[in-house]
Amino acid sequence: MKKPYWQGVFPAITTQLNQNGSLDLEATARHADRLIRSRVTGIIFLGSLGENQSLMPDEKRRVIEAMVEAVDGRVPVLSGVAEASTSEACRYARDCERRGADGLMLMPPMIYKSLDPRETIAHFRAVARATGLPIMIYNNPISYGHDITPELFAEMADQKNFVALKESSGNTRRITDIARILGDRYALFTGVDDLVLECAVLGIDGWVAGSGIAFPEENEYFWELTRRGEWNKARELYRWFTPLLHLDTHPKFVQYIKLAVQECGLGAEWVRAPRLPLIGDERKQILKIIRLAIKKRPKVPCETSEPLA
């Protein structure tokens, strides 16, 4: 599976939790349903925003099994793969396939920040060989300390189930370099919310959205504007959206976005320790950003079953 399967908005959804830190699968399913009704084209569970690394192995498997059932084939279900060791990542990939997931978003090995790309490539290839599922490779050197350059993507291009790239280096030059070196070998997604307009101008296939999970209709309408080349309208909406999109590029992005989800009535702010909910002046400042955006929320087409006009 490549294009047209790998295009459009694939939001990275939060894993909803109860106040005691336990899984709230029903709340996660309700949020997924709302995103589907806003016409996203896929959903990524258990990414970094989904607190993958804070969940126990059995919890992650429960999430995927429950979400495959809840989504019920309406859009592709992807799971993040962020296990510390290669063997565990291979095991988790196989378990996702058995539980009915449609694809994987593969992060680099996080047991340490390798300076040797040979190790990163070996990890990716081992996981790809362990499953028949299509895989989106996630490049985020700022957070994970592994930089997968366009040349390294080219080196892995012979692995058939590597079908998409999530480019989150923060360097928009990479969009053009990947297209120049690799053509359309991979479907190309951006994962940096507050660079999505810039990346769309340069040419991408999709967007792994973060902050927009709290504002699904506005998020989808913005994306549709970029697809139609309506840049003036897209730019105007982007200026409203940008303070929210900045929330996705802070170390506390999970707390910030979960708070936005709560303010919009789509979930709760509870996070898994060692993360803690926001307090004090920081909480007030983030709430101010979110509530101002809600107050100035633009009117956008909100049809959930027909193409946006």
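Everything here concerns the structure above.
1. Regarding the overall build of the chain
Alright, step 1. Helices and strands together make up the secondary structure of the chain, namely 12 helices and 8 strands.
Alright, step 2. Taken over C-alpha atoms, the radius of gyration comes to 18 Å for the chain, in line with the 19 Å a tight globule of 309 residues would show.
Alright, step 3. Projected onto its principal axes, the C-alpha positions of the chain cover 50 × 45 × 35 Å.
Alright, step 4. Relative to its 309 residues, the chain shows a buried fraction of 57%.
Alright, step 5. The long-range share in the chain, meaning contacts at least 24 apart out of those at least 6 apart in sequence, stands at 72%.
Alright, step 6. For the chain, the exposed area adds up to about 13,300 Å²; of that, 52% sits on carbon and sulfur atoms.

2. A look at the sheet that holds strand β6 (residues 162-167)
Alright, step 1. Judged by pairing direction, the sheet is parallel, and its 8 strands sit side by side in the order β1-β8-β7-β6-β5-β4-β3-β2 without closing on themselves. The open sheet has two edge strands with one neighbour each: β1 (8-9) and β2 (43-45).
Alright, step 2. Contacting β5 (135-139), β6 and β7 (187-190), helix α7 (residues 173-182) runs over the sheet at an angle of about 160 degrees to β6.

3. Thoughts on the packing of aromatic side chains
Alright, step 1. Evaluated as defined, the whole model comprises 7 aromatic pairs.
Alright, step 2. With centroids separated by 5.7 Å and ring planes inclined at 15 degrees, the aromatic side chains of W6 and F10 adopt a geometry described as stacked. Here the two residues W6 and F10 agree in accessibility, since each one is buried.
Alright, step 3. Taken together, the ring pairs in this structure connect W6, F10 and F189 into an aromatic cluster.
Alright, step 4. In this arrangement the basic side chain of K60 is found over the ring face of Y92, its NZ or CZ atom lying 5.6 Å from the centre.
Alright, step 5. Its end group placed over the ring of Y138, K166 keeps NZ or CZ at 3.8 Å from the ring centre.

4. Examining unusual backbone geometry
Alright, step 1. With an omega dihedral of 20 degrees, the bond running from A273 to P274 counts as a cis peptide bond.
Alright, step 2. Locating P274 in the fold gives a position in the loop between α11 (253-263) and α12 (280-295).
Alright, step 3. The phi torsion at D72 lies on the positive side, around 55 degrees, for a residue other than glycine.
Alright, step 4. Relative to the helices and strands, D72 is located in the loop between α2 (57-71) and β3 (77-81).

5. Some details on the nonpolar core
Alright, step 1. In this structure, W6 and F45 are the most contacted members of the largest nonpolar core, which totals 104 residues.
Alright, step 2. In this view, F45 contacts I13, T28, A32, I64, M67, V71, V77, L78, S79 and G80; residues no more than four positions away in its chain are not counted.

6. Observations concerning the pairing of β5
Alright, step 1. Where burial is concerned, most of β5 is hidden: 5 out of the 5 residues are buried.
Alright, step 2. In β5, alternate side chains face the same way, and those of I135, I137 and N139 on one face and M136 and Y138 on the other are all buried.
Alright, step 3. Inspection of the sheet shows strand β4 (residues 103-106) paired to β5 by 3 bridges, in the parallel sense. Across the sheet, the residue bridging to L106 is I137, located in β5.
Alright, step 4. The pairing of β5 with β6 spans 5 bridges and is parallel. The residue of β6 that forms the bridge with N139 is E167.

7. Considerations on the packing of helix α3 (residues 86-98) against helix α4 (residues 117-129)
Alright, step 1. Where α3 meets α4, the axes come as close as 8 Å, and the angle between the chain directions of the two elements is 30 degrees. Viewed along their axes, α3 and α4 adopt a mutual orientation that is roughly parallel. When the axes of α3 and α4 are compared, the crossing they make is right-handed. Of the residues in α4, those in contact with T86, A89, C90 and A93 of α3 are H123, A126 and V127.
Alright, step 2. Of the residues belonging to the contact of α3 with α4, the class tally is 5 nonpolar, 2 polar and no charged.

8. Some details on the packing of helix α10 (residues 231-245) against α12
Alright, step 1. Two numbers describe how α10 lies on α12: the axes approach to 9 Å, and their chain directions differ by 155 degrees. The angle between the axes of α10 and α12 places the two elements in the roughly antiparallel class. In the crossing of α10 with α12, the sense of the turn from one axis to the other is left-handed. Here W240, P243 and L244 of α10 lie close against α12, whose contacting residues are I289, I290 and A293.
Alright, step 2. Along the lines of polarity and charge, the residues of the contact of α10 with α12 split into 6 nonpolar, no polar and no charged.

9. Looking at α11
Alright, step 1. Where burial is concerned, most of α11 is hidden: 9 out of the 11 residues are buried.
Alright, step 2. The set of residues buried in α11 consists of F253, V254, Q255, Y256, I257, K258, L259, A260 and V261.
Alright, step 3. The secondary structure elements touched by the buried residues of α11 are α1 (25-37) and α12.
Alright, step 4. Positioned one or two residues after α11, G265 has a phi angle of 75 degrees, which is positive.

Quick notes on the rules
Residues numbered from 1 in each chain as written. Predicted model: local features only at pLDDT ≥ 70, side-chain atom pairs only at ≥ 80, totals over all residues. Heavy atoms only, no water. Helix = DSSP H or I, 4+ residues; strand = E, 2+ residues; numbered from the N terminus. Rg over C-alpha atoms; globule rule 2.2 N^0.38 Å. Buried < 20%, exposed > 50% of the residue type's maximum accessible area, 1.4 Å probe, protein only. Contact = heavy atoms within 4.5 Å. Areas by Shrake-Rupley, 256 points an atom, 1.4 Å probe, with all protein chains shown as cover. Pairing = 2+ DSSP bridges. Axes fitted to C-alpha atoms, helices over the stretch in contact; angles between N-to-C directions. Phe/Tyr/Trp six-rings, centres within 6.5 Å; stacked < 30°, edge-to-face > 60°. Lys NZ or Arg CZ within 6 Å of the ring centre and 35° of its normal. Core = buried A, V, L, I, M, F, W, Y, C linked by side-chain atoms within 4.5 Å. Parallel < 35°, antiparallel > 145°, perpendicular 65-115°, else oblique. Left-handed = near helix turned anticlockwise from the far one by under 90°. Nonpolar A, V, L, I, M, F, W, Y, C, P; charged D, E, K, R; others polar.

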